[in-house]
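The primary structure of each chain is shown beneath.
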Amino acid sequence: GASALAKALQQLRQLTTLTLQLGNSGLRAEGAAALAKALETLSQVTTLDLRLWNNDLGPEGASALAKALQQLRQLTTLTLQLGNSGLRAEGAAALAKALETLSQVTT
């Protein structure tokens, strides 16, 4: 599942645009962490669309995604759909903090 996808993503180092539509896919914190680790390696990404709604990411998965977002220095366009993913206040705060560091994001 998510680990195999993450492994494949790590091979796409020149990728500039990425859309992951994994809403309602049963993704859990462990899978989100694996995807986040892969995202950290995609330093050329300028456009990122993560649709991870209706999963069980929890605060751990949200924190892992937040850490990954902070590594994407070329990112200018970001779409996050994380509704009903169990982020809780802790996960939402981690994401908010990460978003604050992304001053280059315009959309």
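Note that the structure is a prediction, hence the values are computed from the model and not measured.

A. Geometry of helix α4 (residues 88-100). Over its 13 residues, α4 runs 19 Å from end to end, which matches the ideal 18 Å to within 8%, given 1.5 Å per residue. Inspection of α4 places Gly91, Leu95 and Ala98 among the buried residues, and these make up the whole buried set. Down the axis, α4 shows its buried residues gathered within 60 degrees of arc, on one side only. The exposed set on the far side of α4, more than 90 degrees from its buried face, consists of Ala89, Glu90, Lys97 and Glu100. Of the surrounding elements, those touching the buried residues of α4 are α3 (58-71).

B. Just the pattern of salt bridges, in detail. What the rule picks out here adds up to 3 salt bridges. The partner of glutamate 40 in a salt bridge is lysine 67, and the shortest N-O contact between them spans 4.0 Å. Placement of glutamate 40 in helix α2 (residues 29-40) and of lysine 67 in helix α3 is noted, with a sequence separation of 27 residues between them. Accessibility expressed as a relative area gives 27% for glutamate 40, which makes it partly exposed.

C. Molecular detail of the packing of α3 against α4. One way to put it is that α3 packs onto α4 with a least axis distance of 8 Å and a crossing angle of 5 degrees. In terms of orientation, α3 and α4 fall into the roughly parallel class. Where α3 abuts α4, its residues Pro59, Ala62, Ser63, Leu65, Ala66, Leu69 and Gln70 lie against Arg88, Glu90, Gly91, Ala94, Leu95, Lys97 and Ala98. Split into classes, the residues belonging to the contact of α3 with α4 amount to 8 nonpolar, 3 polar and 3 charged.

D. Representation of the side chain of asparagine 55 within the structure. Along the chain, asparagine 55 turns up in the loop between β2 (47-51) and α3. Looking at asparagine 55, its side chain comes within polar contact range of the main-chain nitrogen of serine 25, at 3.1 Å. Side-chain polar atoms of asparagine 55 contact the backbone oxygen of leucine 52, separated by 2.9 Å. Leaving out residues up to four positions away in the same chain, asparagine 55 has contacts with Leu22, Gly23, Asn24, Ser25, Gly26, Leu27, Asn84, Ser85 and Gly86.

E. Quick peek at the sheet that holds strand β1 (residues 17-21). Taken in spatial order, the 3 strands line up as β1-β2-β3 in an open sheet, and their pairing is parallel. This sheet does not close on itself; its edge strands, each paired only once, are β1 and β3 (77-81). Taken pair by pair, the neighbouring strands of this sheet meet at an average axis angle of 5 degrees, ignoring direction. Note that β2 and β3 share 5 bridges and pair parallel. Residue pairing in the sheet places threonine 47 in a bridge with threonine 77 of β3.

Definitions and limits used
- Residues numbered from 1 in each chain as written.
- Predicted model: local features only at pLDDT ≥ 70, side-chain atom pairs only at ≥ 80, totals over all residues.
- Heavy atoms only, no water.
- Helix = DSSP H or I, 4+ residues; strand = E, 2+ residues; numbered from the N terminus.
- Expected span 1.5 Å × (residues − 1).
- Buried < 20%, exposed > 50% of the residue type's maximum accessible area, 1.4 Å probe, protein only.
- Arc of directions from axis to C-beta.
- Contact = heavy atoms within 4.5 Å.
- Salt bridge = Lys/Arg side-chain N within 4 Å of Asp/Glu carboxyl O.
- Axes fitted to C-alpha atoms, helices over the stretch in contact; angles between N-to-C directions.
- Parallel < 35°, antiparallel > 145°, perpendicular 65-115°, else oblique.
- Nonpolar A, V, L, I, M, F, W, Y, C, P; charged D, E, K, R; others polar.
- Polar contact = N/O pair within 3.5 Å; in protein donor to acceptor, adjacent residues only side chain to side chain.
- Pairing = 2+ DSSP bridges.

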